[in-house]
Amino acid sequence: MIRVETSQDACRALWAAFSPHGHAWDDWDLMYAFHDQDHYGFHFMVHSTDGEDDGLVPLVHDRRDDSYELFGGSYPDARVLWIKPAQFAAFCEAFPDRTDLFDLKGSFVDELLAASPALAPHFAEVDQRYYLVPAEFGNDFYNHIQTFSSEKRKGFLYDLRKVQEKNLEMRWSEDDESDLFIALVNRNFGAESDYAAPAGQAELKRVIHDLRESGWLRTLTIAVDGVPQACSMSAHAAGHWIALYASSNNDIKNLGKLLNVETIQAACRARVDEISYMTGMAWKAAWKMKGETCRTFRKPVRVVEPAAT
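Below is a short write-up of the structure. (Residues numbered from 1 in each chain as written. Predicted model: local features only at pLDDT ≥ 70, side-chain atom pairs only at ≥ 80, totals over all residues. Heavy atoms only, no water.)

For the rest of this paragraph, the subject is the overall build of the protein chain. Helices and strands together make up the secondary structure of the protein chain, namely 10 helices and 12 strands. The globule rule puts the C-alpha radius of gyration for 309 residues at 19 Å, and the 21 Å found for the protein chain is close to it. On the principal axes, the C-alpha backbone points of the protein chain span a range of 65 × 40 × 40 Å. For the protein chain, the residues scored as buried account for 51% of the 309 residues in total. Surface accessibility of the protein chain: about 14600 Å² in total, with carbon and sulfur atoms responsible for 49%. Side chains of the protein chain give 32 positive and 47 negative charges; the mean places of these two sets differ by 8 Å. (Helix = DSSP H or I, 4+ residues; strand = E, 2+ residues; numbered from the N terminus. Rg over C-alpha atoms; globule rule 2.2 N^0.38 Å. Buried < 20%, exposed > 50% of the residue type's maximum accessible area, 1.4 Å probe, protein only. Areas by Shrake-Rupley, 256 points an atom, 1.4 Å probe, with all protein chains shown as cover. Lys, Arg positive; Asp, Glu negative; His and termini not counted. Charge placed at Lys NZ, Arg CZ, Asp CG, Glu CD.)

Attention now goes to the pattern of salt bridges. Enumeration according to the criterion identifies 18 salt bridges in this entry. For the salt bridge of Lys290 with Glu136, the shortest nitrogen-to-oxygen distance reads 3.3 Å. Taken as a pair, Lys290 in strand β12 (residues 290-299) and Glu136 in the loop between β6 (125-132) and α5 (141-145) lie far apart in primary sequence, 154 residues in all. Between Glu174 and Arg218 there is a salt bridge, with the nearest N and O atoms lying 3.6 Å from each other. One end of the pair, Glu174, is in the loop between β7 (168-173) and α7 (178-189); the other, Arg218, is in strand β8 (residues 217-224), with 44 residues separating them in the sequence. One salt-bridge network, in which partners are shared between bridges, spans Lys105, Arg129, Glu274 and Glu292. (Salt bridge = Lys/Arg side-chain N within 4 Å of Asp/Glu carboxyl O.)

A cis geometry characterises the amide bond from Lys299 onward to Pro300, with omega recorded as 0 degrees. Position of Pro300 among the secondary structure elements: in the segment after β12. Even without being glycine, Lys288 reaches a positive phi, approximately 60 degrees. On the basis of relative accessible area, Lys288 is assigned to the partly exposed category, the value being 42%.

Per the counting criterion, the structure on display carries 28 aromatic pairs. On the basis of an interplanar angle of 85 degrees and a centroid distance of 5.6 Å, the ring pair of Phe88 and Phe297 is categorised as edge-to-face. One end of the pair, Phe88, is in helix α3 (residues 88-94); the other, Phe297, is in strand β12, and 209 residues separate them in sequence. With a relative accessible area of 0%, Phe88 lands in the buried category. We classify Phe297 as buried; its relative accessible area is 0%. (Phe/Tyr/Trp six-rings, centres within 6.5 Å; stacked < 30°, edge-to-face > 60°.)

On to the nonpolar core. Membership of the largest hydrophobic core comes to 40 residues, with the highest contact counts inside it found for Trp25, Leu30, Phe71, Phe181, Leu211 and Tyr245. At the level of elements, α1 (8-18), α2 (28-34), β2 (40-49), β3 (52-62), α7, α8 (198-214), β9 (227-237) and β10 (240-248) are the ones that each hand at least two residues to this core. With 6 residues, the top contributor of residues to this core is α2. Setting aside residues up to four positions removed in sequence, Tyr245 forms contacts with Phe34, Tyr75, Phe181, Tyr195, Leu204, Val207, Ile208, Cys231, Ser232 and Met233. (Core = buried A, V, L, I, M, F, W, Y, C linked by side-chain atoms within 4.5 Å. Contact = heavy atoms within 4.5 Å.)

For the rest of this paragraph, the subject is the packing of α7 against α8. Taken N-terminus to C-terminus, the directions of α7 and α8 make an angle of 145 degrees; their axes are 10 Å apart at the nearest point. For the element pair α7 and α8, the recorded crossing hand is right-handed. Contact with α7, carried on its side by Ser178, Asp179, Phe181, Ile182 and Asn186, involves Gln201, Leu204, Lys205 and Ile208 of α8 and no other residues of that element. Considered class by class, the residues forming the contact of α7 with α8 number 4 nonpolar, 3 polar and 2 charged. (Axes fitted to C-alpha atoms, helices over the stretch in contact; angles between N-to-C directions. Left-handed = near helix turned anticlockwise from the far one by under 90°. Nonpolar A, V, L, I, M, F, W, Y, C, P; charged D, E, K, R; others polar.)

These values are about where atoms sit, not about what they do.
In structure tokens, the structure reads:
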């Protein structure tokens, strides 16, 4: 049997009961920061057997277009559903039309499809989550750089040296640099920026506020000639470092490269088990980060056009 819970109190209690509390994405407060209360309502779907709750898919309903997605939206990646694989066919049947479950952990999807292979067409969209394991290179990213080809390594280190010759000031803190980040992204991308509209800015500010409150926020600000020109804001929680937001003035060559290297080095100094750089963007593969498959579920099935060659 599957029922739907829509009250926030009931949904929060279910989250507390099912969450493994092992990752930032398992934290209610952080996921609630990604939640847009003005436009989304709770639609948590609960599986029960013989009167006992034994599976949860925490959906929310976007009232603007009558679609459904996971609580926390599309930003968190490599997520798993707190269900038994054998339950997924029943959930799939019960999901409303226009349900999208973004970037589920690929190995978890394999388990779901082993139990219900006929549902494979719902998982046509594939992406990669990129990450680093600092212990594999002695907690020093410069050791990892040594694995690049000779030509690439020389160019990479040259780029870092050239930007480091500038009048730089690097500062680590737990400060909220949302306004700086928004200004940099909008400067680089204009109307195409995810943060050009108030909704994107509001989500960012909610998330950074929650990270500060939880003590998870790690902020790097780089000033050039006394003017802040780059910042990264990461989440450091439970042995994981998630590189959530980073931007730099694109007119300053290789400043973004330095920003990412310094962020990685800080995570290495923290001796984390993993540094997540999330999905997408080819430079992460070029930096020889590890890749983990993520797959998006859609109901109804969506035809994916083959990539252009």
